[in-house]
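Now for the letters of each chain:
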Amino acid sequence: NAGVTQTPKFRVLKTGQSMTLLCAQDMNHEYMYWYRQDPGMGLRLIHYSVGEGTTAKGEVPDGYNVSRLKKQNFLLGLESAAPSQTSVYFCASSYTQGAQYFGPGTRLLVL
Amino acid sequence: AQSVTQLDSQVPVFEEAPVELRCNYSSSVSVYLFWYVQYPNQGLQLLLKYLSGSTLVKGINGFEAEFNKSQTSLHLRKPSVHISDTAEYFCAVSDDGNTGKLIFGQGTTLQVKP
């Protein structure tokens, strides 16, 4: 079991560029989440999904889009990157209401 | 709205000493509570969870926590810490059974000194 994996591990973007972060889980979890982690602010929820084909906004959704076309994958897109989106991004998954299991993170630097 | 407060941003402690990391949440409705640990440059790892039942919860790596409903708290404890316990610790709460969303505290950095 690989658990939750994230691709890429590190990326540098220029302002205005776009990119997609991929999250994959092999635990057959229904729920998946995208967070960003910034110093002194803990983790903040960007978007989440409670099942294949469904997505919903979290606490800080502006500037991001997501898709869940397959149960095991959850994609996070940045259409036009801004320096304020420099952060560490974590994906997590869970069975309904229970412990969430996290990926190793993607470090994104927007210049 | 639910909120989580971790009362200490940094906790320095000497090796083999006991430690307590404090966590309070805002709502008294039924909640699920979690503690996670994050080692440098890694993701979050589940330490323990409180869903219901006994108020004393055992976790991994010798950690335990005590749930106190009246004080809306789940404080994390370890009787004797090791250098390897140096990490950031996050408390999180969920009160939404339909989405499983977690609200995280801002984290406590545990610094274990030799």
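That block above? That's the structure.
Cut-off values and rules
Residues numbered from 1 in each chain as written. Chains lettered and ligands numbered in written order. Predicted model: local features only at pLDDT ≥ 70, side-chain atom pairs only at ≥ 80, totals over all residues. Heavy atoms only, no water. Disulfide = S-S within 2.5 Å. Helix = DSSP H or I, 4+ residues; strand = E, 2+ residues; numbered from the N terminus. Buried < 20%, exposed > 50% of the residue type's maximum accessible area, 1.4 Å probe, protein only. Phe/Tyr/Trp six-rings, centres within 6.5 Å; stacked < 30°, edge-to-face > 60°. Pairing = 2+ DSSP bridges.

Caption draft 1: Fine view of the state of the cysteines. Residue and element names in this part refer to chain B. Taken as a whole and judged by the stated rule, the model has 2 disulfides over all chains. The side chain of Cys23 participates in a disulfide bridge whose partner is Cys91; the two sulfur atoms lie 1.9 Å from each other. Because the sign of the S-S torsion sets the handedness, a value of about -65° for the bond joining Cys23 and Cys91 places this disulfide among the left-handed ones. Taken together, the residues span a long stretch of sequence, with Cys23 in strand β4 (residues 23-25) and Cys91 in strand β10 (residues 87-94) at a distance of 68 residues. Both residues of the pair, Cys23 and Cys91, belong to the buried class.

Caption draft 2: Up close: the packing of aromatic side chains. Tallied over the full model, the rule gives 12 aromatic pairs over all chains. Judged by centre distance (6.4 Å) and plane angle (25°), the rings of A:Tyr33 and A:Tyr48 are stacked. With A:Tyr33 in strand β4 (residues 31-37) and A:Tyr48 in strand β5 (residues 43-49), this pair connects stretches of sequence that are 15 residues apart. On the accessibility criterion, A:Tyr48 (9% relative accessible area) is buried. Ring geometry for A:Tyr35 against B:Phe104: centres 5.5 Å apart, planes inclined by 90°, an arrangement best described as edge-to-face. Highlighted residues: A:Tyr35 in strand β4 and B:Phe104 in strand β11 (residues 103-104), drawn from two different chains.

Caption draft 3: Highlighting the pairing of strand β3 (residues 19-25) of chain A. All names here are of chain A. Residues Met19, Leu21, Cys23 and Gln25 of β3 are buried on one face, while the alternating residues Thr20, Leu22 and Ala24, pointing to the opposite face, are not. Of the strand pairs in this sheet, strand β1 (residues 4-7) and β3 are connected by 4 bridges, and their pairing is antiparallel. The partner of Thr5 across the bridge, within β3, is Ala24. Pairing of β3 with strand β8 (residues 73-78) involves 6 bridges; the strand directions are antiparallel. Pairing of Thr20 across the sheet is with Gly77, part of β8.

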